[in-house]
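Understanding the architecture of this molecule
Residue-level listing of the chains:
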Amino acid sequence: MSLLITNIKQLIQVHDYNTTIIRGSDMKKLPIIENAYLYIENDTIIEFGDMSDCEGFDAETIIDATGKLVLPSWCDSHTHIVYAGDRTSEFVDRINGLSYAEIAKKGGGILNSAKTLQNTSEDELFEQSLKRLNELIAMGTGAVEIKTGYGLTVEAELKMLRVIKRLKQESLAIIIPTLLAAHAIPEEFKTKKEDYITYITEELIPKAAELNITNYVDVFCEEGYFSIKDTEAILEAGKKFNLRPKIHVNQFTILGGIALGVKYNALSVDHIEELSDKDIKALKGSDTMPVALPGCSYFISIPYTPARRLIDAGLPLAIATDYNPGTAPSGNMNFVVSTACVKLKLTPEEAINAATVNGAYAMGISNMYGSITRGKKANLIITKPMNHYSEIPYAFAHNPVEQVIINGQVL
Ligand SMILES: N=CN[C@@H](CCC(=O)O)C(=O)O
Ligand SMILES: [Zn+2]
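Per chain, residues are indexed from 1 in the order of the written sequence. Numbering of ligands from 1 and lettering of chains from A proceed in the order in which they are written. Two thresholds apply to this predicted model, a pLDDT of at least 70 for residue-level local features and 80 or more for giving and counting side-chain atom pairs, whereas whole-chain, interface and lining totals are computed over all residues. Hydrogens are left out, water is left out, and the side-chain values use all remaining heavy atoms of the structure.

1. Concerning the UniProt feature "binding site: Zn(2+)" (unreviewed entry) in the protein chain
UniProt positions are given in the numbering used here, feature names are shortened, and annotations may be inferred rather than shown by experiment. Residues annotated in UniProt with the feature "binding site: Zn(2+)" (unreviewed entry) correspond here to His 78, His 80, His 248 and Asp 322. For this annotated set, covering 245 residues, all C-alpha atoms fall within 12.1 Å of each other, a compact arrangement in space. Lining the largest cavity, out of the annotated residues just given, are His 80, His 248 and Asp 322. Going along the chain from the N terminus, every DSSP run of H or I of four or more residues is numbered as a helix, and every run of E of two or more is numbered as a strand. Here His 78 lies in the loop between strand E6 (74-76) and helix H1 (88-95). Contacts are assigned to residue pairs with any non-hydrogen atoms lying within 4.5 Å of each other. Not counting the four nearest positions on each side in its chain, His 78 is found in contact with Glu 145, Lys 147, His 248, Asp 270, His 271, Leu 293, Ala 320, Thr 321, Asp 322 and Tyr 323. The definition of a polar contact used here is a pair of N or O atoms within 3.5 Å, where within protein one atom must be able to donate a hydrogen and the other to accept one, and adjacent residues in sequence count solely through side-chain atom pairs. A distance of 2.8 Å separates polar atoms of two side chains, one belonging to His 78 and the other to Asp 270. Buried and open spaces are told apart on a 1 Å grid over the protein atoms alone, a cavity being a set of points where a 1.4 Å probe fits but cannot get out and a pocket being an open set with protein on both sides within 12 Å along at least five of seven lines. Residues with an atom within 4 Å of a point are the lining residues.

Spelled out as structure tokens, the structure:
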């Protein structure tokens, strides 16, 4: 199967060499070719260049992209899209002034979603999740991380993992599963949190590892959820099964989760609505990607990640949706890219780098995804007609995506 895309107004995120992470001031650069072509064989990018050099390709399919842009599809490195039902009643509570903690206290929050998921059949959970997955693919996402964390029992967490595995089998999208058993303390463990930690470390993680579906472990390191000591015990247990951390940190309070994540060589530390100079120091020189989730800040009205401080300190940054029923019920990466510009003060170049190469890095797949590079997988967005990539974040809440290509297949 071969595909030639011609007359591309701007071919975006073009790298001759395998770029796997973009840091600091380099995030301001977004390499493009104006009036370009792109040639794909099967699932792989074979060649690209100036339209004037587009000769000798005998492609089975030709797409004329006159007036349109082509860029790598979005890499959404933080989602919780496997959930059951919704939490619309909490939405109204929040409008009426209740905080995330207050809503959780009155029986809402993660435990509410866990109860619903435990009572939902595996098939039904799969159907609901597939619908969300297809919606976000249509909005330009080609690779997505999906967390467990609404099970909170061995049975329900494994059910979530099996659903993620099925999504992986049935969808063209690249799916990276993460085990988030330490998402909240179940009601029955409320007065004996230590026992839940033991349950996770001695039962849940070993059983989940047996399924061989995930390479990552997550913890909600936050006041009222999992302390630094709890988080360390879980990361230590994960390490025995080669599960690399991708953790929730600094969403509401700074507990020291960033330094702990770096100590355990976390692939990413996510949220960071709160940030100290000590956190920045811990991240410097590490292989850990900070991830901002502006959709969550928008939806529950908490501070936006101080992204400028991270990037201006020479660090990389990824952005993701955090798609979940409680704090970010949207998988629209176009909105995230726009919000990153408007609220996090990223330039369009920085936001696109954060949502492509660095998003792929935060899923451990940036050697194959996230940029237009010969030999990398052909995961692409063809936009609607527009003049410049800045229009993607500028026209917020518009859908800039006309066509999505995943692993060389036009959807
Ligand atoms: N904060 C922890 N986890 C999710 C929210 C989960 C929920 O409220 O259902 C987040 O990333 O925001
Ligand atoms: Zn999350």
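2. Some remarks on the packing of helix H12 (residues 333-342) against helix H13 (residues 348-355)
Here an axis means a line fitted to C-alpha atoms, over the contact stretch when the element is a helix, while the angle between two N-to-C directions is reported on a 0 to 180 degree scale. At a minimum axis separation of 9 Å, H12 and H13 run at an interaxial angle of 140°. What the angle tells us is that H12 and H13 run oblique. Here H12 and H13 pass one another in a crossing that is right-handed. Mapping the contact onto sequence places Met 333, Val 337, Ala 340 and Cys 341 in H12 and Pro 348, Ala 351, Ile 352 and Ala 355 in H13. Gly counts as polar in this scheme, as do all residues outside two lists: the nonpolar Ala, Val, Leu, Ile, Met, Phe, Trp, Tyr, Cys and Pro, and the charged Asp, Glu, Lys and Arg. Taken together, the residues that form the contact of H12 with H13 break down as eight nonpolar, no polar and no charged. For this classification, under 35 degrees means roughly parallel, over 145 means roughly antiparallel, 65 to 115 means roughly perpendicular, and everything else is oblique. Helix crossings get a hand from a simple test, with the near helix turned counterclockwise from the far one by less than a right angle marking a left-handed crossing and a clockwise turn marking a right-handed one.

3. What to know about the domain arrangement of the protein chain
Domain limits in this description derive from either an automatic procedure or a database domain assignment. Entries for the protein chain in the domain assignment read domain 1 (2-72 + 368-410) and domain 2 (75-361). When each unit is reduced to the centre of its C-alpha atoms, the spacing between domain 1 and domain 2 is 29 Å. Two parts placed together each lose some accessible area; with a 1.4 Å probe, that loss summed over both constitutes the buried area. Surface buried jointly by domain 1 and domain 2 totals about 2,700 Å² across both partners, of which 67% is contributed by carbon and sulfur atoms. The salt bridge criterion pairs a side-chain nitrogen of Lys or Arg with a carboxyl oxygen of Asp or Glu, the two atoms within 4 Å. Linking domain 1 with domain 2 are one salt bridge. Across the salt bridge formed by Lys 28 and Glu 350, the nearest N and O atoms sit 3.1 Å from each other. Where domain 1 meets domain 2, there are twelve residue pairs in polar contact (both at pLDDT 80 or more). Only strand E5 (69-72), helix H15 (391-394) and strand E15 (401-406) provide two or more residues apiece to the side of domain 1 that touches domain 2.

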